[in-house]
Amino acid sequence: MIVDPCVAHRSLLFTVAYEMLGSAADAEDVLQETWLRWADVDRSQVHDPRAYLVRAVTRQALNRIRTLSRRREDYVGEWLPEPLLTHPDVADDVELAESVSIAMLTLLETLGPTERAVFVLREVFDVPYEEVAEAVGKTPAAVRQIARRARSHIAARQSRVSVSRSEHKAVVARFVTALHTGRIQDLMEIMAPDVVFIADGGRLAGAALAPVHGADLVATMLAGTDRAAFETTAVWLNGAPAIRIESDSEQAAVSLVVENGRITRIYATSNPEKLTRLDKPADLTR
């Protein structure tokens, strides 16, 4: 039985679209649009279905980005990518895990649409420059220049510290313990002095409207949470150990960036529209 290439490469195509958009819901829409277009293609003229479909998904994602950018201009508070429940083995592919992390997806938001597409296709999926050029409508020479700029932009802003899976899990566990004790000193000890807390409630859930900077302010804020009103569960989100927090009224997905045994970034998503994929692991692949 011959499997349609769009089905065979679905996980790859979803991962490309998700990394381009930071939204699983929008990535699914892009895949649906690509499927409809693929149904009308003369397959005898397609020599490499995988490459063809990656290009098609990229073009559809670029079209979707222009719509999303207008929507995000009106977004209330901070915008964070939609978190995905993932299998632990996603972390086995270090480059994939880093590319789909909440930290990286947030950083990719600082790139322009074409820069983001070039960076994702070239740096994450190792697509040849010529194919990237065809996908974004640029010359190969222009794509090489865009790729250099994007790499430089990302490198200047991302963490240079590599953290093992065991160390990340240990820090997450210590953070959960400190969160439940509610002691400011315990929270401050697990966080870097310049830690940043970023929350996304999308006006649909309680959340800080601007980033909170500094261990003292973040610890004081977290210590004020009603500890009897929530439960925490250790989960894998976007290829890394993370936390799912649930209360009677709402829930949140919390991802941490760890450097040198301390937390430098806390990403907390409580917008219910972004928490619909926390029960079934997403299939992400390169």
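Residues numbered from 1 in each chain as written. Predicted model: local features only at pLDDT ≥ 70, side-chain atom pairs only at ≥ 80, totals over all residues. Heavy atoms only, no water.

Chemist: Give me the lowdown on the packing of helix α2 (residues 10-21) against helix α4 (residues 49-73), citing residues and values where you can.
Modeler: Closest axis-to-axis distance for the α2/α4 pair is 9 Å, and the angle between their directions is 30 degrees. With respect to their mutual orientation, α2 and α4 come out roughly parallel. Every pair of crossing elements has a handedness; the one defined by α2 and α4 is right-handed. Listed contacts from α4 to L12, L13, V16, A17, M20 and L21 of α2 are R50, L53, V54, V57, T58, A61, L62, R64, I65, L68 and R72. (Axes fitted to C-alpha atoms, helices over the stretch in contact; angles between N-to-C directions. Helix = DSSP H or I, 4+ residues; strand = E, 2+ residues; numbered from the N terminus. Parallel < 35°, antiparallel > 145°, perpendicular 65-115°, else oblique. Left-handed = near helix turned anticlockwise from the far one by under 90°. Contact = heavy atoms within 4.5 Å.)

Chemist: Explain the side chain of R244 to me, using residue names and the numbers behind them.
Modeler: With respect to the helices, strands and loops of the structure, R244 is situated in strand β4 (residues 240-247). Of the polar contacts made by the side chain of R244, one reaches the side chain of Q251; its length is 3.0 Å. A distance of 3.1 Å separates polar atoms of two side chains, one belonging to R244 and the other to D279. Non-local contacts of R244, meaning those with residues more than four positions away in its chain, are made with E231, T232, T233, V235, Q251, A252, L278 and D279. (Polar contact = N/O pair within 3.5 Å; in protein donor to acceptor, adjacent residues only side chain to side chain.)

Chemist: Explain unusual backbone geometry to me, using residue names and the numbers behind them.
Modeler: In the Ramachandran plot, D126 falls in the positive-phi region, its phi being about 55 degrees despite a non-glycine side chain. Mapped onto the elements, D126 comes out in the loop between α7 (113-124) and α8 (129-136). Phi at N238 is positive, roughly 50 degrees, even though this residue is not glycine. Relative to the helices and strands, N238 is located in the loop between β3 (230-237) and β4.

Chemist: Describe the sheet that holds β3, listing the residues and the values that go with them.
Modeler: Reading across from one edge, β2-β1-β6-β5-β4-β3 is the order of the six strands in this open sheet, with mixed pairing throughout. Two strands bound the open sheet, and with one partner strand each, they are β2 (212-213) and β3. Sheet topology note: the strand β1 (residues 191-200)/strand β6 (residues 262-269) ladder contains six bridges and is parallel. Paired with M191 across the bridge in β6 is I263. (Pairing = 2+ DSSP bridges.)

Chemist: Kindly report on the confidence of the model for the chain, identifying the contributing residues and their values.
Modeler: Residues of the chain with pLDDT of at least 70 account for 100%, and the chain-wide mean is 93. Summarising per-element confidence for the chain, the mean pLDDT is lowest in α4 (90) and highest in β2 (98). (pLDDT = per-residue confidence, 0-100.)

Chemist: Before we move on, could you go through the layout of surface pockets and cite the residues and values that matter?
Modeler: Empty space within the largest pocket amounts to approximately 1,100 Å³. In terms of lining, the largest pocket is formed by 37 residues, of which the most central are E98, S101, A103, S159 and V257. Among the elements of the structure, α5 (94-100), α6 (102-108), α10 (165-181), β3, β4, β5 (251-259) and β6 are those that each provide at least two residues to the lining of the largest pocket. Its volume calculated, the second largest pocket comes out at about 520 Å³. Every residue lining the second largest pocket is counted, 21 residues in all, and those nearest its centre are G206, T225, I245, E250 and A252. If you list the elements that add at least two residues to the lining of the second largest pocket, you get α10, β1, α12 (215-223), β4, β5 and β6. Ranked by residues supplied to the lining of the second largest pocket, first place goes to β5 with three residues. Partitioning the lining of the second largest pocket into residue classes produces 14 nonpolar, six polar and one charged. (1 Å grid on protein atoms, 1.4 Å probe; cavity = no way out; pocket = protein on both sides within 12 Å on 5 of 7 lines; lining within 4 Å. Points joined across faces, edges and corners; volume = space filled by probe spheres on them. Nonpolar A, V, L, I, M, F, W, Y, C, P; charged D, E, K, R; others polar.)

Chemist: Hey, could you go over the pairing of β6 for me, with residue numbers and the actual values?
Modeler: Of all the eight residues making up β6, six are buried; the element is thus mostly covered by neighbouring parts of the structure. In terms of strand pairing, β5 meets β6 through seven bridges, oriented antiparallel. Within β6, the residue paired with V254 across the bridge is A268. With antiparallel pairing between neighbouring strands as the criterion, β5 and β6 make up a hairpin whose turn holds two residues, including N260 at a positive phi of roughly 55 degrees. (Buried < 20%, exposed > 50% of the residue type's maximum accessible area, 1.4 Å probe, protein only.)

Chemist: Could you give me a rundown of the pairing of β1, with the residues and numbers involved?
Modeler: The two faces of a sheet get side chains in turn, since along a regular strand they alternate between them. Burial analysis of β1 places eight of its 10 residues in the buried class, which makes it a mostly covered element. In this structure, β1 lies alongside β2, joined through two bridges in antiparallel fashion. Within β2, the residue paired with F197 across the bridge is V212.

Chemist: Describe the packing of α2 against helix α3 (residues 24-38), naming the residues involved and giving the relevant values.
Modeler: The geometry of α2 relative to α3 is characterised by a closest axis approach of 8 Å and an angle of 130 degrees between their N-to-C directions. Judged by the inter-axis angle, α2 sits oblique to α3. Note that α2 runs across α3; the crossing there is right-handed. The segment α2 lies against α3, with R10, L13, F14, A17, Y18 and L21 engaging A24, D26, A27, E28, V30 and L31. For the contact of α2 with α3, the class distribution of residues is nine nonpolar, no polar and three charged.

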